[in-house]
Amino acid sequence: MAGRKNQKVQIQFILNGEQAEVAFAPHKTLLEVLREDLQLTGTKHGCELGECGVCTVLIDGQPILSCLALGLDAEGREVTTVEGMATAEGLHPLQETFADLGAAQCGYCTPGFLLTAKELLEKNPAPNRDEIKEALSGNLCRCTGYIKIYEAVELAAARMRGEQAEPARESIYGIE
Amino acid sequence: MALNNGNGKPRRVVGKPFRKVDARAKCTGETRFADDITLPRQLYAKLLRAPVPHALIKSIDVSKAQKLKGVVAIITGKDMPIPYGILPVSQDEHALCIDRVRFVGDPVAAVAAIDEDTAFEAMNLIEVDYEPLEQIASIEEALRVSEPRIHEYGIEGNIHKKVSLEFGDVEEGFAEADLVREDVFFYEGNTHLPLEQHAALAHFDADEKLTLWSATQTPHYVHRALAKVLGIAASHIRVIATPNGGGFGGKSDPFNHEVVVSKLAMLTRRPVKVTLTREEVFYCHRGRHPVLMWIKTGVKRDGAITAMHFRSILDGGAYGSYGVASTFYTGALQTVTYNVPRYKFEGLRLFTNKPPCGPKRGHGTPQPRFALEAHLDKIAEQLGLDPVDIRRNHLAPAYSVTANYLRIGSMGLGQCIDKLVEASGWKEKFGKLPYGRGVGFACSSYICGAGLPIYWNSMPHSGVQLRLDRQGGVCVQCGSIDIGQGSDSILAYIVAEVLGIDPFDIRVITADTDLTPVDLGSYSSRVTLMTGNAALQAAERARELLTIAASEKLGAPIENISFAERRVFDVENPETGVSFAEAVVLAESKFGTIGTVGSYTPPRSPGRFKGAGVGPSPAYSYSAAVAEVDVDAETGIVIVDRIWIAHDIGQSINPTLVMGQVEGGVYMGLGEALMEEMAYRGNRNVVHKFPSMLEYKSPTTLEMCDVKTILVEDPDPNGPFGAKEVGQGPLLPVPPAVVNAIYDAVGIRIDEVPATPEKVLAALKSKAQGKEGRYGPLGVPAVDWPEPSRVPTPAEGGDGKEIPPLAAHVKD
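What you see is a predicted model, and the numbers here were worked out from it, not measured in a lab. (Residues numbered from 1 in each chain as written. Chains lettered and ligands numbered in written order. Predicted model: local features only at pLDDT ≥ 70, side-chain atom pairs only at ≥ 80, totals over all residues.)

1. Points about the overall build of chain A
Phase 1 of the analysis: A tally of regular secondary structure across chain A gives seven helices and five strands.
Phase 2 of the analysis: In sequence order, the secondary structure elements of chain A are arranged as α-β-β-α-β-β-β-α-α-α-α-α.
Phase 3 of the analysis: Since a compact globule built from 176 residues should have a radius of gyration of about 16 Å, the 17 Å found for chain A is in line with a globular shape.
Phase 4 of the analysis: Across its three principal directions, the C-alpha atoms of chain A cover 65 × 30 × 25 Å.
Phase 5 of the analysis: Here chain A holds 176 residues, and 52% of them are scored as buried.
Phase 6 of the analysis: Residue pairs at least 24 apart in sequence account for 58% of intrachain contacts in chain A once pairs closer than 6 positions are excluded. (Helix = DSSP H or I, 4+ residues; strand = E, 2+ residues; numbered from the N terminus. Rg over C-alpha atoms; globule rule 2.2 N^0.38 Å. Buried ≥ 20, exposed ≤ 12 C-beta atoms within 10 Å, placed from the backbone. Contact = placed C-beta atoms within 7 Å.)

The structure is reproduced here in structure tokens:
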């Protein structure tokens, strides 16, 4: 048992835009491979059964739950984690607005929300509130009540469309 | 010395929507949570947990597990025989059970192995022989079964704590009333469900010093518990609380896994990590107590309360935890919203064979608040009063002392109600919406930190150390831990405001028992008020040193020296000044290395009776909410469309963070109102029905309602810049506002949360059959309540002390 368990498999894939190669025990989930074998701890674990969404990563641009995928599933694919969102030029607009609007409180669910929202905005640059709720319904957040997350996604979407958008006064100070 | 402390000047930081100092790291994956830390040669630990709810441990055989390749150490209860617990009066936990298990999930052995899979495999090879004991699954069973006792301490049988307090003569008050009403309510238990599972990593170094990194809200108490259980000097233990991936009260106790990895690290001389599974997090629990409540209130025709009598029976689960405090909290804050001239409280906490209950957001107060606000709704209806008016017309006065000796400071509830009524369109909606649609109203209040420490001492509750370096760097150090609420940022904002620098210039070091002065922890909504005041004092002391040095250099009078935009200058001649960094050089040249400290101790509370320790606070926050709901009479499904909430924050240190706490509190209250519950199979080993996120229902984006927030700022003299709490209070009015709205929508009373579709349908059915349209408990079990401690109220000239028992009898 112990011997077989330790026999590693090796895969090649594109990780955050760079060629990557990693060897791991074949039963490991993509989440475990990212966190334990590649030290990319930005991807989180929360429920072990695909319910909470904190382990969300993008495979070929699509959000998937890395706790339900095997590391082997990444072979030859493009994987994006939260560590791949910012560039030398700066943060992704979503990262900027999540930080500024308080959409990240404890921050544990944040990577999953950011990646899910990133895919949403790539598909739909001007989502309405209901479309945002629908897209994010697989990600749980226990801190924010989701409101600041919606507002951050809307603000980032506007900025990504090239608009000079600022947060609504109500979202910062409440209604007068 | 007439120091210019900047009072009255426009504020540059406080009240402004700066981002949090750690916000970007949380959006890039850089924040290191406990499980993100890995050390060379690290082992992994697993805890073997009991599959039975109540049993004696006859034997534990670890021999097979020990032989498994990769297993490095196995420990059992006898390796850590010293008990611990968060409260000095409840030292009833062992890191691993020694002779008895008390709930499904109680740990009995632990393994350290080279990897997690091996530890798991070894855990399954440990053989434990249990001798089952009668299980106690409910309030009723705990009251009925006195043997076996789950614990050998407590009042008697399975009664952990019994409380009886009477302030003034309630019978006299009931006699004066025009209406006396009694109601019974039940609030089901629920859990914090932080997205981060608890994790801890221990390292015992070559100099025999222990370091523990842990996802804890209370590093100071963990530090104390480790020193006690491990038998090593506290000075040789360092506890570093890692940023919590959500706490909500669930990471506030010292936990068995923290002791276990520490012990294993000492035994193996290798770092040992444990990360709990989601199922284990359900067993850690310490969440909302299920509470059965009875309330009796006497009122005049105009709704003025003449007396109130409140009883609560708490299902405590298998250990003490914070339970004694929780019990008192179910009876403490009824008096701080409306004027209650005479008040009696009886409380009871029971031990049952379930995961221990403890503090969850609102600690012991959402349950009685739910009961009180639903009860008042019924009284208003009976008197023909608007639910808003019955509350608004009888508010507890600001700057007063309640019948149970809580000192109220600023009190913005009236403003909250007025703004809320207008914003929500209450008058146009209440009683006027079509069948199936309704609005409900409720108010609440919460403490801004407990007035007394958990273990008796006369030292500060919070300390801050400030270090200024000659290149202008400022480092603030404090024992507080950021659990997402933004406490690190609050420290930086307050120091930045006082020293006239940018919050992002400041380095914040928190929650490290080797480096930071003690702060008691992130619980009881104490952090902004207490660490804020400590930071304010430390910063003002540093400002004083810089002021003196700059005044000499600039030849300007001391009272003219001002701080802003990273400059220290003569306010009458702003061109005359030095940079902040130069001011530090001047001060360091004059005084030596610049470091200051600040600390905060809450004011003494006026209560002197036994039991007066729970409820006092330096200040109280206030909230009021209106819920608008849609009830589907066919399915029983309740959809909350929108909640308007007004919160008296005193003064926002940062409005964005305040808004986030309000919205998060509403969210968590909504989950408790509609769906969240810790449910057990009482007839099948008291197993948790669904210890997973799939089946423990919590609101997703699709269930979460729209929230309209109104911030009311009624500064409190005890708060830093007038600030009060917001982390817990806004949860409180939500469950009662929702059930009151259900009544407005379809005319049924749901006197038990969560208000699930089954309960709504049952009440609708009962109403259709001409019976009472209600779902809820029918009564409370008979309890042999003790003679109350009688405390004359302040209005009666009381001095806060109880009447000696003999005199009380004479009075009877």
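Read on, since the account is not over.
2. Some words on the interface of chain B and chain A
Phase 1 of the analysis: The partner chain A presents 46 residues to the 51 residues of chain B that form the contact.
Phase 2 of the analysis: Counting only elements with at least two residues in the side of chain B that touches chain A, the list comes to α1 (23-28), α17 (655-674) and β28 (706-712) of chain B.

3. A look at the packing of helix α15 (residues 527-554) of chain B against helix α16 (residues 580-591) of chain B
Residue and element names in this part refer to chain B.
Phase 1 of the analysis: At a closest axis distance of 8 Å, the pairing of α15 and α16 adopts a crossing angle of 95°. Taken together, α15 and α16 sit at an angle that is classed as roughly perpendicular. Between α15, through Leu545, Leu546, Ala549, Ala550 and Lys553, and α16, the contact on the second element is made entirely by Ala583, Val584, Leu586, Ala587, Lys590 and Phe591. (Axes fitted to C-alpha atoms, helices over the stretch in contact; angles between N-to-C directions. Parallel < 35°, antiparallel > 145°, perpendicular 65-115°, else oblique.)

4. Some remarks on the sheet that holds strand β1 (residues 9-15) of chain A
Residue and element names in this part refer to chain A.
Phase 1 of the analysis: As summarised here, the arrangement of the five strands in space is β2-β1-β5-β3-β4, forming an open sheet in which the pairing is mixed. Edge positions in the open sheet fall to β2 (18-24) and β4 (62-65), since each of these has one partner strand only. Neighbouring strand axes in the sheet, compared pairwise and without regard to direction, differ in orientation by 40° on average.
Phase 2 of the analysis: Relative to β2, β1 is paired through seven bridges, and the arrangement is antiparallel. Of the residues in β2, the one forming a bridge with Val9 is Phe24.
Phase 3 of the analysis: Sitting on the sheet, helix α4 (residues 110-123) is in contact with β3 (56-59), β4 and β5 (78-80), with an inclination near 35° to β3. (Pairing = 2+ DSSP bridges.)

5. A few points about the pairing of strand β2 (residues 55-61) of chain B
Residues and elements named next belong to chain B.
Phase 1 of the analysis: As defined by bridge partners, β2 adjoins strand β4 (residues 100-101) across two bridges and the pair is classed as antiparallel. Looking at the pairing, Leu56 lines up with Arg100 of β4.
Phase 2 of the analysis: Note: β2 against strand β6 (residues 127-132), six bridges, orientation antiparallel. Bridge pairing links Asp61 to Glu127 in β6.

6. Focus: unusual backbone geometry
Negative phi values dominate among residues other than glycine, just as trans dominates among peptide bonds.
All names here are of chain B.
Phase 1 of the analysis: Look at the link from Glu147 to Pro148: it is a cis peptide, with omega at 0°.
Phase 2 of the analysis: Topologically, Pro148 is positioned in the loop between α4 (139-144) and β7 (159-167).
Phase 3 of the analysis: With an omega of 5°, the peptide bond between Val753 and Pro754 qualifies as cis.
Phase 4 of the analysis: Residues other than glycine seldom take positive phi values, yet Arg41 does so here, at roughly 65°.
Phase 5 of the analysis: Positionally, Arg41 belongs in the loop between α1 and β1 (43-49).
Phase 6 of the analysis: For Tyr405, which is not glycine, the phi torsion reads 65° and is therefore positive.
Phase 7 of the analysis: Tracing the backbone through its elements, the reader meets Tyr405 in the loop between α11 (387-392) and α12 (413-424).

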